[in-house]
Each structure stands twice: as structure tokens, then as C-alpha cells.
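Residue-level listing of the chains:
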Amino acid sequence: REAWSVYENPAIYYVASEPLDNAETSLAQAIARSQKVAVKAPERRQTKAFAYTDFGPASAVTSEEYVEDADAHLITFANNVRLNFKQTSFDTGSINIRVRVGHGFMSMPKKDEGLRRLGLNVLNASGVAEHTADDLSSLFAGRRVAAITRTRVDNDAFEILGSTDADDLSAQLNLMTAKVAAPAFREEIAEQHFRKMRAWYPTHEAAPKSVADKYIPRLIRSGDKRYGYDDLESFVSPTLAQVRNWIGPELANGPIEITVVGDVEKDTVVAEIARTFGALPTRDERKSDFGELADLEFPSGDTAPTRFYHKGSDEQALVYVYWPAPDASDPADAYRMRVLRSVLRNRLTAELREAMGATYSPGVGAFSNRIFKGYGYLVARVTAKPEDANKVRAGILRVARQMVESGVEPDEFERAFRPLVEDLDSTLQNNSYWLSVLGDAQSGAFGLQRFRSQAPTYDAMNPKEIGALARDLFGGNEQNVSYFILPSPDNKVAGKGRVTAANLDTERRNGSDQ
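What this report covers is the structure whose coordinates are included nearby. Remember, predicted model here, so these are calculated numbers, not experimental data.

Here is what the cut-offs are and how they apply
- Residues numbered from 1 in each chain as written.
- Predicted model: local features only at pLDDT ≥ 70, side-chain atom pairs only at ≥ 80, totals over all residues.
- Heavy atoms only, no water.
- Helix = DSSP H or I, 4+ residues; strand = E, 2+ residues; numbered from the N terminus.
- Buried < 20%, exposed > 50% of the residue type's maximum accessible area, 1.4 Å probe, protein only.
- Contact = heavy atoms within 4.5 Å.
- Salt bridge = Lys/Arg side-chain N within 4 Å of Asp/Glu carboxyl O.
- 1 Å grid on protein atoms, 1.4 Å probe; cavity = no way out; pocket = protein on both sides within 12 Å on 5 of 7 lines; lining within 4 Å.
- Points joined across faces, edges and corners; volume = space filled by probe spheres on them.
- Core = buried A, V, L, I, M, F, W, Y, C linked by side-chain atoms within 4.5 Å.
- Expected span 1.5 Å × (residues − 1).
- Axes fitted to C-alpha atoms, helices over the stretch in contact; angles between N-to-C directions.
- Parallel < 35°, antiparallel > 145°, perpendicular 65-115°, else oblique.
- Left-handed = near helix turned anticlockwise from the far one by under 90°.
- Nonpolar A, V, L, I, M, F, W, Y, C, P; charged D, E, K, R; others polar.

### A few points about the overall build of the protein
Okay, step 1: Per the secondary structure count, the protein includes 17 helices and 12 strands.
Okay, step 2: Viewed in the frame of its principal axes, the protein has a C-alpha envelope of about 75 × 70 × 45 Å.
Okay, step 3: The proportion of buried residues among the 514 residues of the protein is 49%.
Okay, step 4: Long-range contacts, defined here as pairs at least 24 residues apart, represent 82% of the contacts in the protein between residues at least 6 apart.

Take a look at the structure:
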């Protein structure tokens, strides 16, 4: 009452998609009507106690292995739940937990981004069967108890993430187990999601990056429709029944692998996992073979960029150039690629800023995933003025050709290499790093393989090795593909007139310079 008493004549800021007739009068009348409505305090809600504290008889430990080089314990329970544990003191009092369940993105029956986003939002915001998300906020207010659920693109599990301390570990694991044992799929959360999608979709055309996110992920995988997205209908057509049918069986039966890293005793964690996740019905022991779902293909190289259009700033364009790169089958390649990325970024910065006189800041990224054999890529990305797009692309390709011809000089190798190895010690003192290393320690051990290859790979690395990798990647112009995201000409609708995989050949046959 005291705070609001000074606002006898409030300023009203009104925003709408359509003009309001007699705006000042209409708003004043609406306020006057509102002031005549009596108000009362909201009724105090009675939140019942958390319903999920007993999941059945605790499970027995059937096997345990100590991994000396990672100082970690790999434990299996009688119901096939797996626990990977590492005690640390990096962050005093903190315990980080990651639960991987089922097959995530790779198990989607309908391969589109609309279903993935609906599933992610419903699973994350619906709370659990007996408690809404608001209930959970009230129940655990003031405590380190919360759980975030995600279903990332290219992930072969649903992940539940949490961070807690020793005092709240029991409650934290109760909540995370309830997310698996008693998931909620609330209709009101789905409706909220659809409203957000309807509001968001028309705005994506105003941001060059959003236009890129719509089209490029699909094209760089030769048209695989699990990636990128389509029109608004693709976001609002998935149903809650489809989400239940997809996620429900995965949570009920899928493999469970839990990683706990932090300041807590092993016996405490084992006992808590045994009485929570260990008390669930027996889980699938092995992950499924994804078969052709794990097949991705880099598109054929092209001498001309594919163009898309946005409705944002007339002064902004994005230039992307992609090359096929090693897959994740050799863990050492990830570290070689890091150094090559740094060398390429440094060279591009010199080319664009010094040779071309532009203040552009290039970015260089790479992708590989152990799920997808034979697929990976390296990408250079530059935000540029639209009139410079062709010149920037030519500069990127010129730098790539120079690396093929001249290799990597010792001094530029050192500039790229030294910051990476100097950061290793701090990385090893990080709970999140060990969550990643140990996350699949009993279902593939790719994280452990990368950890073990890191030091020997860096110790043996030299300029000739990185130069040879550059020659493999950039060895021929026919290997690369490129994309321009440009301002829509003459204020046209974003994307109109774009050249896509479907009409690219037709455009060229008709003499298009796209």
C-alpha cells in the first residue's frame, strides 16, 4: 500500500500488434473500471507433503569397479541401475548429479523439432504426478533441491540435472527419482507452450541467427528432417498423447546411468541411490542399436553459396562455410580439432581485419558425436555487412587454401596450442568436467576414453600434425558448402526467394547466380 500510494496518475505503456482506437480514452476507461473492483487477499494454498519418499525395497550392489586414473567408482545395482561416483573437494559442500535415462532424442518416433520442444517443455515444467512445478517450488523453498530435465538434439538419453549439498541430498534424489517414476504430462503446460510458439514463431525471421537455425542444421545433414524446423504448424501440431507415448516408456523401462561428483562420502551416495533409483523396477541393461537413425551424411560440396533472408537489420548478414571433418571414433581427434580451430580463427582474424580492413570477429566451431559414425564438420562463421558477404566467403576459402599449401607455422601453432594446455589444470578441478567424463562410464566409456587420450595427444602434438589435418579437411574446394543469411530485399518476407536443397538445381539450370 505504501509503495503504490504515490502513483495516483500512473503512466501506462501499451503495446499491441494492432492500433487501438481512441487509445488514451480506452485505457483511461479500463483503469477506471478496474479501480471500482474490490480486491481481496488470495487464499493461502495448502501444499501437502512431498509424496515421493519411499520407492520400495532398496537394491543391492551387484558389482563395483574402481577406476584409478579417474579416481572414480563404477557401481551397478541389482535392477541394472548404474552409478558413477567421484568424491571431490573442488567446490566445498556441493554435489552435482546427472541422471541419464532411456534414449532421448534418438528415440523420437516422429522426427521433428516441434515434438522435441513440446516434450522438453512438458517434461521440465509439469512437475511430477502428485505435485505441480509451483507445488515443488513451495515444498523445497529455501533448500538446494531442484531438477532440470532436458532432451538435447543428438543426445541418446533424457537427462535430469541437479546440484545440492549433503543436507539436502536425500530430498534431491527423491525429486529426481520421482521425475522418472511418476512423470507428469500436464495439458496446461502444453497449452502454454503452444501459446509461446505462436508468439515466437513470427519473430524468428527478425534475427539472422534464428533463420540460420531453421534451415542450416537440416541442410548440413543432407536434408535429415530431425534437424532444423518447418512452419508454425510443425510446432503446434504435435500432441500431448504423442509426448506420453514417446517419453513414458523411455522413463519406465530405459537404461539409467547416474553420475554423482562432489563433496560427499561414497557410502552415503550408494545408500541413497540404492533406496531411490535402485528401488525402481528392473531397467533395460543395454542401450538400443540405433541402426539407420545413426546415419548422417555431409552434403555434396558446392561452388556457390545457398542464400536465405531475414527481416532484421539491413546492415547485418551471416556467412557460414562448412567442411566435412573427422567423426568421434578417435577421441584424440577432438583435441587436434581444438588446436586447428584456434589456428584457423587466428588466421581468419588476420585476413578479415588486416588484409580486408574489416573489424569482423570470426568464429570457428566443430561437431562430432560418437553416435554418428563417419560424420563431423568444421564451420567458420562471420557476421558481416551484406555487401561484404561474397568477399568474406572468398577470404575464408583463401585462408583454407593457404593452410593446405603452407601448413601450420611453429609460432602460430604455439599461439593456438599454449592457451589450451595451460587451461588443463583448472579444467581437471571442475565438477562439471568430471560429470562429462564419467557420464557414460558404464555404457560406452567415451568420456573416459577422451580423458585418457587428452594428455598423450597434447604431449605428442606438433605443427606438422595440425598441418596434415588441415590438408585433409581443406584439401579441395569441392568439399565445402556455404550459406548466406542476408537482409530480405525490398522488405520481402524472410526466406522468400531463398535457394533451398529442393530448388537449387532448378535455379542453376535457369541461370540463377544464387
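Anyway, onward from the coordinates.
### Description of unusual backbone geometry
Excluding glycine, residues mostly carry a negative phi; peptide bonds, for their part, are mostly trans.
Okay, step 1: Phi at Asp71 takes a positive value of approximately 50 degrees, unusual for a residue other than glycine.
Okay, step 2: Tracing the chain through its elements places Asp71 in the loop between strand S1 (61–67) and strand S2 (72–77).
Okay, step 3: The phi dihedral of Asp154 is positive, around 70 degrees, even though this residue is not glycine.
Okay, step 4: Tracing the sequence through the fold places Asp154 in the loop between strand S5 (148–150) and strand S6 (158–164).
Okay, step 5: Owing to a relative accessible area of 8%, Asp154 belongs among the buried residues under this scheme.

### Digging into the pattern of salt bridges
Okay, step 1: Evaluation of the coordinates by the stated rule reveals 27 salt bridges.
Okay, step 2: The partner of Glu113 in a salt bridge is Arg116, and the shortest N-O contact between them spans 2.9 Å. Here Glu113 pairs with Arg116, and both are found in helix H2 (residues 113–125), just three residues apart, close to one helical turn. Exposure class is identical for Glu113 and Arg116. Each is buried.
Okay, step 3: Glu159 is the salt-bridge partner of Arg152, the closest N and O atoms lying 3.9 Å from each other.
Okay, step 4: Exposure remark for Arg152: the relative accessible area of 39% places this residue in the partly exposed category.
Okay, step 5: Where salt bridges share partners, they join Arg98, Arg100, Arg150, Arg152, Asp156, Glu159, Arg370 and Asp440 into one cluster.

### Section: the layout of surface pockets
Okay, step 1: Of the pockets and cavities examined, the largest pocket occupies roughly 1100 Å³.
Okay, step 2: For the lining of the largest pocket, the secondary structure elements donating two or more residues are strand S4 (95–101), S6, helix H10 (332–355), strand S10 (363–368), helix H13 (424–428), helix H14 (431–438) and helix H15 (446–460).
Okay, step 3: As for the second largest pocket, its lining consists of 26 residues, of which Lys209, Asp213, Pro217, Arg221 and Tyr377 are closest to the centre.
Okay, step 4: Among the secondary structure elements, those contributing two or more residues to the lining of the second largest pocket are H2, helix H6 (208–219), strand S9 (317–324), S10 and strand S11 (376–384).

### Here's the deal with the nonpolar core
Okay, step 1: In terms of nonpolar packing, the biggest core is built from 79 residues, with Leu83, Ile258, Phe277 and Tyr322 touching the most fellow members.
Okay, step 2: At seven residues, helix H4 (residues 169–181) tops the list of elements feeding residues into this core.
Okay, step 3: Ranked by size, the runner-up nonpolar core spans 44 residues in total, among them Val321, Val339, Leu348 and Leu473.

### Examining H4
Okay, step 1: Helix length check: H4, at 13 residues, gives a terminal C-alpha distance of 18 Å against a target of 18 Å (1.5 Å per residue), a fit within 8%.
Okay, step 2: Of all 13 residues in H4, 11 are buried; the element is thus mostly enclosed.
Okay, step 3: The set of residues buried in H4 consists of Leu169, Ala171, Gln172, Leu173, Asn174, Leu175, Met176, Thr177, Ala178, Lys179 and Val180.

### Let's talk about the packing of H2 against helix H5 (residues 187–200)
Okay, step 1: As a packed pair, H2 and H5 sit with axes 9 Å apart at the nearest point and diverge in direction by 135 degrees. Overall, the two elements H2 and H5 adopt an arrangement that is oblique. The chirality of how H2 crosses H5 is right-handed. Along the contact surface, H2 presents Arg117, Leu118, Asn121, Val122 and Ala125, while H5 presents Ile189, Ala190, His193, Phe194, Met197 and Trp200.
Okay, step 2: Residue classes in the contact of H2 with H5 are distributed as eight nonpolar, two polar and one charged.

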